[in-house]
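Residue strings, one per chain:
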Amino acid sequence: QLKGVRGELGGIGEINMGAPEAYERVKGEYQELKGQMDDLESSIEQIRRGIAKLNRTSKKRFAEAFEEVNKHFQELYPRLNGGGKAFLALTDPNELLDTGVEVNVQPPGKKLKAMGLLSGGEKAMAAISLLFAVFLYRPSPFCLLDEVDAELDEANVGRVTQLLREMSDRTQFVVISHKRHTMESADVLFGVTMEQA
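These numbers come from a predicted model, not from an experiment.

### Some words on the packing of helix H2 (residues 19-81) against helix H4 (residues 154-167)
Part 1: At a minimum axis separation of 8 Å, H2 and H4 run at an interaxial angle of 135°. Judged by the angle between their axes, H2 and H4 are oblique. Residue-level contacts link Leu76, Arg79, Leu80 and Asn81 of H2 to Asn156, Arg159, Val160, Leu163 and Glu166 of H4.
Part 2: Split by residue class, the contact of H2 with H4 holds 4 nonpolar, 2 polar and 3 charged.

The following block contains the structure:
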């Protein structure tokens, strides 16, 4: 029996006397790495929660802004055009963070059209209406308009300059124009001439 036990002990092989120290060292490394992993997982979770909150806030603000701008656009377009109607539509109302915005316009006496099918003057009036709708929602202290009235007839220029005057208490407009009626409505006029060739 003693011989059998000695054989089993011999089968164990040499004993590593440094094993306890090696175990403690590896255990310390493991705990350090596990702590780092836990920190990373916690950070990832915080980032995910932050992104979800940001997405919720962005959706809410976009929906509010879209609704207000659309309301102002629907009011301004017929006023600036002497009739007609216009509205904004979302391409994908279920995905507010990925949706596009369509501009639909019906000039006075015409059928409803997308922006791409309008004439130059009709596009200009739709763009001006949309720009001012955005300014009514969120005024800016300063706006530079370069030749926005170039495609407009005198009646439309008169309506646009009237609206510019009304909005000038909130926003300072600098308008570059060749139209006499636009220049006549300005508070301050600067003339620029080009050298003759």
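The discussion continues.
### Some thoughts on the nonpolar core
Part 1: Ranked by internal contacts, the top residues of the largest apolar core, which has 27 residues, are Phe73, Leu80, Val105, Phe132, Leu152, Val160 and Phe173.
Part 2: Of all elements in the fold, only H2, strand E1 (85-90), strand E2 (101-106), helix H3 (120-137), strand E4 (142-146) and H4 reach the threshold of two or more residues within this core.
Part 3: Sorting elements by how many residues they give to this core places H3 first, with 7 residues.
Part 4: Residues contacting Val105, with those up to four places away along its chain left out, are Phe73, Tyr77, Lys85, Ala86, Lys111, Leu112, Lys113, Met115, Leu118 and Ala126.

### A closer look at the side chain of Ser177
Part 1: Note on placement: Ser177 falls in the loop between strand E5 (172-176) and helix H5 (180-184).
Part 2: Given a relative accessible area of 14%, Ser177 falls into the buried group.
Part 3: Of note is the side chain of Ser177, whose polar atom sits 2.7 Å from the side chain of Asp149.
Part 4: Within polar-contact distance, the side chain of Ser177 engages the backbone nitrogen of Lys179 at 2.9 Å.

### Here's the deal with the side chain of Thr182
Part 1: Counting through the fold element by element, Thr182 comes out in helix H5.
Part 2: Contact partners of Thr182, with chain neighbours within four places excluded, come to Asp149, Val157, Thr161, Val175 and Ser177.

The rules behind the values
- Residues numbered from 1 in each chain as written.
- Predicted model: local features only at pLDDT ≥ 70, side-chain atom pairs only at ≥ 80, totals over all residues.
- Heavy atoms only, no water.
- Axes fitted to C-alpha atoms, helices over the stretch in contact; angles between N-to-C directions.
- Helix = DSSP H or I, 4+ residues; strand = E, 2+ residues; numbered from the N terminus.
- Parallel < 35°, antiparallel > 145°, perpendicular 65-115°, else oblique.
- Contact = heavy atoms within 4.5 Å.
- Nonpolar A, V, L, I, M, F, W, Y, C, P; charged D, E, K, R; others polar.
- Core = buried A, V, L, I, M, F, W, Y, C linked by side-chain atoms within 4.5 Å.
- Buried < 20%, exposed > 50% of the residue type's maximum accessible area, 1.4 Å probe, protein only.
- Polar contact = N/O pair within 3.5 Å; in protein donor to acceptor, adjacent residues only side chain to side chain.

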